[in-house]
Amino acid sequence: MKLTSDLIYEAALDDELFAQLPTIVAQSLAARSCVLHWRDRSGMAEISAHSGYFSDGQMEEYAANFVEHDLWTAAGMRQGFINQAWNTTDIVPTSEYERSVFFNEWIRTMGDDTFYCCGSVMRTEYGDGIIGLHRGKSQSDFSDRSLRQLNGHVDHLRRMFAIRGRISDLQKRSDLLDQIFNAGSRAAFVLNSECRIMMVNDQGESVLRLGRFLRIRNGQVQPRIEADRTVFELAIAAAFEPPNRRGSDCILRSNDEGAALVSFMPLSSQLSRAAVLMTVEEPRRRLPRDVVLRHLQTAYGLSAAEADVALRIGDGQTVQEIGEARRSTAGTVRVQVKQILSKLGARRQADVARMVTTCLLIDNRE
């Protein structure tokens with residue numbers, strides 16, 4: 001089968017033909033082997049297809065343990081080499097290759113002598129498509145003619161990878177959303193950067209309808225209790241803020257002294273660069289201590305020490321007991337309690353205990 005642009009584009013949608021593509025490319029360029037790799041936006045690597053010179057197990061070993069040692073691909077990813085064909089002997093000295101972990105601990109341990117490679121890293125908005133064609137040390141290096149021949153197909157191969165990347169992205173989106181919206185009992189929302197709902201499951205609709213913890217105002221999701229707005233906005237900002245987008249959570253209260261744990265997870269690689277998954281649940285157990293400590297500090301401006309004292313008040317400890325547990329004097333604890341009362345807008349320690357109990361989400365309904 002001859003390698004043509006039409007065949008490459010057909011392989012974008014035909015999995016069987018795509019699986020044959022490395023063999024076709026290898027035969028067209030007189031290579032001993034050919035491998036098609038894929039690295040998604042997170043850098044996760046996988047072997048998309050290969051010509052069969054290496055076994056599936058050997059390719060799995062490469063993807064699991066030797067991707068980070070692949071100095072050929074690493075060199076091809078440098079500025080100036082993306083989206084064009086290159087010969088590895090032009091970008092990686094053979095002496096460096098012969099000393100490499102890649103050659104000595106993967107190639108040679110298989111009893112192989114793969115030594116020459118020409119290829120390309122083709123960048124798309126969904127990830128990088130990578131092609132590598134190989135010859136052994138006993139064979140000749142790839143010629144300039146072979147390089148020009150591969151270069152003539154690079155743009156078509158890049159578009160093919162982009163199509164397959166888009167299909168894979170949509171499948172991941174479908175799988176993820178299926179897990180989110182069709183499993184479990186938690187309310188789930190997908191929000192954009194303006195806190196507007198992109199998707200919501202039935203449980204989420206119920207949370208909004210009841211309006212105990214969340215409400216919609218001007219098309220945006222907001223906490224029901226205005227005093228919780230700051231902690232809510234800080235938590236969602238952490239999930240959106242580049243470059244270190246991260247999961248976060250906060251505790252929201254209701255007017256009837258209920259509380260819910262609201263969690264945010266970035267959906268950058270799975271769904272959209274500007275979306276987060278928000279889940280809401282009313283646990284029937286005590287939340288982890290660190291979650292409540294973080295909430296008290298973020299929501300009310302308590303110091304780490306004050307948050308710890310507040311939790312101990314919620315546990316029913318006296319000033320004397322708190323001092324002994326923290327190895328502080330009773331006078332120090334009283335000063336901290338005074339600061340806690342002020343920051344929480346409380347008048348008595350009993351009010352602090354009630355607020356902390358709410359934060360701990362002790363479910364007394366059963």
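For the structure, check the block above.
Cut-off values and rules
- Residues numbered from 1 in each chain as written.
- Predicted model: local features only at pLDDT ≥ 70, side-chain atom pairs only at ≥ 80, totals over all residues.
- Heavy atoms only, no water.
- 1 Å grid on protein atoms, 1.4 Å probe; cavity = no way out; pocket = protein on both sides within 12 Å on 5 of 7 lines; lining within 4 Å.
- Points joined across faces, edges and corners; volume = space filled by probe spheres on them.
- Helix = DSSP H or I, 4+ residues; strand = E, 2+ residues; numbered from the N terminus.
- Nonpolar A, V, L, I, M, F, W, Y, C, P; charged D, E, K, R; others polar.
- Pairing = 2+ DSSP bridges.
- Axes fitted to C-alpha atoms, helices over the stretch in contact; angles between N-to-C directions.
- Contact = heavy atoms within 4.5 Å.
- Parallel < 35°, antiparallel > 145°, perpendicular 65-115°, else oblique.
- Left-handed = near helix turned anticlockwise from the far one by under 90°.
- Patch = residues over 30% accessible without salt bridge, like charges linked within 9 Å, V, L, I, M, F, W, Y side chains within 5 Å.
- Areas by Shrake-Rupley, 256 points an atom, 1.4 Å probe, with all protein chains shown as cover.
- Salt bridge = Lys/Arg side-chain N within 4 Å of Asp/Glu carboxyl O.
- Buried < 20%, exposed > 50% of the residue type's maximum accessible area, 1.4 Å probe, protein only.

Right, let's get into empty space enclosed by the protein. One simple way to see leftover space: roll a probe sized like a water molecule over the atoms. All told, the structure shown has one cavity of 30 Å³ or more when counted by the stated rule. The computed volume of the largest cavity comes to approximately 170 Å³. Considering the residues around the largest cavity, the lining is formed by 18 residues, among which His 37, Asp 70, Trp 72, Phe 102 and His 134 are closest to the centre. Those elements that provide at least two residues to the lining of the largest cavity are strand E1 (33-40), helix H3 (56-66), helix H4 (71-76), helix H7 (101-107), strand E4 (114-124) and strand E5 (127-136). In terms of residues, the lining of the largest cavity owes the most to one element, E5, which gives four residues. In terms of residue class, the lining of the largest cavity is made up of 12 nonpolar, five polar and one charged.

Within the open sheet, the five strands sit side by side as E7-E6-E12-E11-E10. Their pairing is antiparallel. Among the strands making up the open sheet, the edge pair consists of strand E7 (197-200) and strand E10 (248-253). Here the strands of the sheet are splayed against their neighbours by 25° on average, with no regard to which way each runs. One ladder, built from six bridges, connects E10 with strand E11 (residues 259-266); its direction is antiparallel. Residue Cys 250 lies in a different strand from E11, and its bridge partner there is Val 262. Relative to the sheet, helix H9 (residues 202-210) contacts strand E6 (187-192) and E7, its axis offset from that of E6 by approximately 85°. The strands touched by helix H10 (residues 229-240) are E6, E10, E11 and strand E12 (275-281); relative to E10, the strand with the most contacts, the crossing angle is about 160°.

Here we take up the packing of helix H12 (residues 304-314) against helix H13 (residues 319-326). At a minimum axis distance of 10 Å, the contact between H12 and H13 shows a crossing angle of 130°. When the interaxial angle is binned, H12 and H13 end up oblique. Here the hand of the crossing between H12 and H13 comes out right-handed. Taking contact as the criterion, the partners of Ala 305, Asp 308, Val 309, Arg 312 and Ile 313 in H12 are, on H13, Ile 322, Ala 325 and Arg 326.

Between helix H1 (residues 5-13) and helix H2 (residues 15-28), the least distance of the axes is 6 Å, while the angle of their chain directions is 135°. Relative to H2, H1 is oriented oblique. Classified by chirality, the crossing of H2 by H1 is left-handed. Contact with H1, carried on its side by Leu 7, Glu 10, Ala 11 and Leu 13, involves Asp 15, Leu 17, Phe 18, Leu 21 and Ile 24 of H2 and no other residues of that element. Class assignment of the residues belonging to the contact of H1 with H2 gives a composition of seven nonpolar, no polar and two charged.

Let us now look at a nonpolar patch on the surface. A surface patch of nonpolar side chains, about 280 Å² in accessible area, is lined by Leu 13, Ile 163 and Ile 167. Looking at where Ile 167 falls in the secondary structure, it is placed in helix H8 (residues 144-182). By relative accessible area, which is 42% here, Ile 167 ends up partly exposed.

To continue, consider unusual backbone geometry. A positive phi angle is found at Asn 83, which is not glycine, with a value near 60°. Inspection of the secondary structure assignment puts Asn 83 in the loop between H4 and strand E3 (86-87). Residue class for Asn 83 comes out partly exposed when judged on its relative accessible area of 34%. Phi at Cys 195 takes a positive value of approximately 65°, unusual for a residue other than glycine.

A few words now on the pattern of salt bridges. Summed over all chains, the structure comprises 18 salt bridges. For Arg 159, the salt bridge is made with Asp 155, and the minimal N-O distance between the two is 3.0 Å. Here Arg 159 pairs with Asp 155, and both are found in helix H8, just four residues apart, close to one helical turn. Taking the relative accessible area as the measure of exposure, Arg 159 reaches 39% and is therefore partly exposed. The partner of Glu 226 in a salt bridge is Arg 229, and the shortest N-O contact between them spans 2.7 Å. A relative accessible area of 22% places Arg 229 in the partly exposed class. Taken together, the salt bridges that share partners define one network made up of Arg 215, Glu 226, Arg 229 and Glu 233.

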